[in-house]
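Observations on the model geometry
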Amino acid sequence: METEEPQDAGNQRQKPGRSPPRTFREHLFHALPDYVGPYSVGVMEIEVPVREPRTFSRIKRNHMHALRMDTVLFSVFYPCDASSYASDKGKKPSKATWLPRPRALTSKGYAKFFSVPHLPVTAYIAATTMFTKLPAFRNAKLAGSHADAPPRFSSSAHSQDTLTEEDGQKTKFPVILFSHGLGGSRTCYSAICGEMASNGFIVVAVEHRDGSGARSYVNIPPCGKLASDPKINDPNPKGYYKVDYIFPRDNAQDTSPHNARGVDTELRHAQIEMRMSEIEEAYYVLELLNNGRGSWVYENNLRKKGNAGSSSKGLEGVDWPDWEGRLQLENVTAMGHSFGGATTVEIIRQSDRFPYIGQGILLDTWGQATPKSGEMTHQSLRKPLLAVNSEAFMHWPENFKALNDIAKETKDGGASCWMMTIKGSTHLSQTDFAILYPMWMSIFMKTMVHPRRAVYLTANSSLEFLSRVLPPQSITRNSWVNEGILKTKIHIADKLPVEHRPNDKWTASRLRIPNELRLRATHWIWRRSRASTVATDVKGKPLIGLANYAPGSEVWMHISPTRQEP
């Protein structure tokens, strides 16, 4: 065991919240697992005009500004009252599709992102995840009270046992703002966002239109107020336009560790600036909801029947008055994966611009694209930070150094910082792709950890971090699982493990598996005998990966405020 003290018998889990039933068609396609926290999870999609449409930087494509913000689009994952469906006789739960609409055209966007013919990609997605649904209740009523679970031990400095809720007042939920990575969307991280929501957080997953996603559709507001014309000299303009991934000019592979020209900082910094503006717009919408102006959101929502990328359900059935005064809009958590992690770092730095952000969670951050201190702002990191990395990125020396520099900046600013790596994980292990396509992740990326275990380690370490840094009113009566992950002993940085370090050609993209064929054969033959030595899911099913680590030894801790690094 590598933890400093025995783990909380935290696997005395509370009963999971109710999930919507699966239809027959869903059993035919790849599926996302139900969330395991004590709350049922609701989801709604919102797209509204921004307050000030504008462009970012001088970068152009096809004689137009490449980075322009006209609307903001995001999904909200939140604790919900699943009984709100049962109260209406015959009303069946509605669920959102995992693949953003229009699904066939979104598939073409992914093909373009991967630079492959679109027909095979569209056909494969159609056969696997075209009809995959989020295990959440669309437009359900916001949960009215804390989940029915007794308080349990927490490593938080603020004891849950001393916290009570005032009688007659509905629960106020803490907020997380989530930023996706390159090629991502508002639903690509639904497993992690939904897990956090099932534990009592309102999670806003923004879909960035900065050219970092594979494809996104922007609906033109009825007022027609835009940053610039959607298409020059178009006599019949559509009611929407699409935003595809922007490849850096003359440097298309700026994400590669071996790219001699490095990162296109002009493009990436401009994208981060636009991303931060989208985060501000999403936060403004949350303020409207919290101030009782949900009707304005409904009236101005562009994701409704007849509009591009929209479901016929829109925001129908949402109980807007119930959202008034229900969000904790101070000490908000910024969270992001890869390029979203780089965005999160800059959000945390710019505390004057984002005074409501209290802490940040970085998931396998693209350190090379993260602005250095002083490049975009004179401010530095002074708020608590948790970095959860993949083993594949750990073996990228320049990226690992960049993350160490971020951690040092945080500590020098007087804030607590943890940095850890999930053993056997690769860059997509914290995305839904790892869960939906585990075989391809194992064969091509050489991912060794069980995909769901990687998500649970990410979510549970995040919960442990937040239980330590959030103020008491934000963690009242929480019943979060505490595996003691943040108590893992520091690993000596100069002695990083090399067993699965790939050769230079595959740096950051995959791991190396010595004697791979023999390992896979052994894994297939003896997998049942290893069931007692690995972590289990909420139903007691062992989460067996290609490589298995006992609970307490599943991560390497590089930096922690509780111990000095060796």
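Cut-offs applied
Residues numbered from 1 in each chain as written. Predicted model: local features only at pLDDT ≥ 70, side-chain atom pairs only at ≥ 80, totals over all residues. Heavy atoms only, no water. Phe/Tyr/Trp six-rings, centres within 6.5 Å; stacked < 30°, edge-to-face > 60°. Buried < 20%, exposed > 50% of the residue type's maximum accessible area, 1.4 Å probe, protein only. Lys NZ or Arg CZ within 6 Å of the ring centre and 35° of its normal. Salt bridge = Lys/Arg side-chain N within 4 Å of Asp/Glu carboxyl O. Helix = DSSP H or I, 4+ residues; strand = E, 2+ residues; numbered from the N terminus. pLDDT = per-residue confidence, 0-100. Contact = heavy atoms within 4.5 Å. Expected span 1.5 Å × (residues − 1). Core = buried A, V, L, I, M, F, W, Y, C linked by side-chain atoms within 4.5 Å. Patch = residues over 30% accessible without salt bridge, like charges linked within 9 Å, V, L, I, M, F, W, Y side chains within 5 Å. Areas by Shrake-Rupley, 256 points an atom, 1.4 Å probe, with all protein chains shown as cover. Pairing = 2+ DSSP bridges.

**Section: the packing of aromatic side chains**
Across all of its chains, the model carries 19 aromatic pairs by this definition. Here Tyr 245 and Phe 247 contribute two aromatic rings whose centre-to-centre distance is 4.8 Å and whose plane-to-plane angle is 80°, an arrangement assigned as edge-to-face. According to the relative accessible area criterion, Tyr 245 is buried, its value standing at 8%. On the basis of relative accessible area, Phe 247 is assigned to the partly exposed category, the value being 27%. An aromatic cluster is present here, built from Phe 113, Phe 114, Tyr 245 and Phe 247 joined pairwise through their rings. Arg 51 extends its terminal NZ or CZ atom over the ring of Tyr 284, reaching a point 4.1 Å from the ring centre. Sitting over the ring of Tyr 241, Arg 68 keeps its end group 4.3 Å from the ring centre.

**Describing the pattern of salt bridges**
Where charged atoms from two side chains of opposite charge approach closely, those side chains can pair. Under the criterion given, the structure shown has 27 salt bridges. Put simply, Arg 349 and Glu 346 hold a salt bridge, and the shortest N to O gap is 3.0 Å. You can see Arg 349 and its partner Glu 346 sitting in helix H7 (residues 339–349), three residues apart, about one turn around the helix. Looking at Glu 346, the relative accessible area reads 1%, which means it is buried. A salt bridge links Arg 452 to Asp 537; the nearest nitrogen and oxygen atoms lie 3.3 Å apart. With Arg 452 in helix H12 (residues 451–469) and Asp 537 in the loop between helix H13 (516–526) and strand E15 (555–559), the pair connects residues that are 85 residues apart, well separated along the chain. Per residue, the accessibility class of Arg 452 equals that of Asp 537, and both read buried. Connected via shared salt-bridge partners are Lys 141, Lys 170, Asp 319, Asp 322 and Arg 326.

**A word on the confidence of the model for the protein**
Per-residue confidence for the protein averages 89 on the pLDDT scale, and 89% of its residues sit at or above 70. Every residue in residues 5–11 is under pLDDT 50, and counting partners more than four places away or in other chains gives 10 contacts. Long-range and interchain partners of residues 149–165, a stretch whose pLDDT sits below 50, account for 46 contacts in this model, where long-range means more than four residues apart.

**Topic: the environment of Ala 136**
With respect to the element layout, Ala 136 can be found in the loop between helix H3 (118–128) and strand E5 (137–138). Distance from Ala 136 to Lys 95, taken between C-alpha atoms, is 6.2 Å for residues 41 residues apart in sequence. Those residues in contact with Ala 136 that lie beyond four places of it in its chain are Pro 20, Tyr 35, Val 41, Gly 42, Val 43, Ser 94 and Lys 95.

**Some remarks on helix H9 (residues 397–412)**
Here H9 contains 16 residues, and its C-alpha end-to-end distance of 22 Å stays within 8% of the 22 Å for a straight helix at 1.5 Å per residue. Listed in full, the buried residues belonging to H9 are Asn 399, Phe 400, Ala 402, Leu 403, Ile 406, Ala 407, Glu 409 and Thr 410. Where H9 is buried, its residues touch H7, strand E12 (357–363), strand E13 (385–390), helix H8 (391–394), strand E14 (417–422) and E15. Remark: Gly 414 follows H9 within two positions and exhibits a positive phi of approximately 90°.

**Section: the environment of Ile 475**
As for its placement among the helices and strands, Ile 475 is situated in the loop between H12 and H13. Note on Ile 475: relative accessible area 1%, which makes it buried. Sequence spacing of Ile 475 and Phe 173 is 302 residues, and the spatial spacing of their C-alpha atoms is 8.9 Å.

**A short note on the nonpolar core**
Grouped burial of nonpolar side chains is what soluble globular proteins tend to show. In terms of nonpolar packing, the biggest core is built from 77 residues, with Met 44 and Trp 323 touching the most fellow members. Sort the elements by how many residues they give to this core and helix H5 (residues 265–290) lands first, with 12 residues. Leu 99, Met 196, Ile 422 and Leu 436 belong to the second-largest nonpolar core, a separate cluster that totals 56 residues.

**With respect to a nonpolar patch on the surface**
A cluster of nonpolar side chains, contributed by Tyr 124, Met 439, Trp 440, Ile 443 and Phe 444, occupies part of the molecular surface with about 490 Å² of accessible area. In terms of residue count, the dominant contributor to the nonpolar patch is helix H11 (residues 438–444) (four residues). In this fold, Trp 440 is placed in helix H11.

**A look at the pairing of strand E11 (residues 327–337)**
The element E11 is largely enclosed, with a buried count of nine among its 11 residues. Pairing analysis gives six bridges linking E11 to E12, with the strands arranged parallel. Bridge pairing links Val 332 to Ile 357 in E12.

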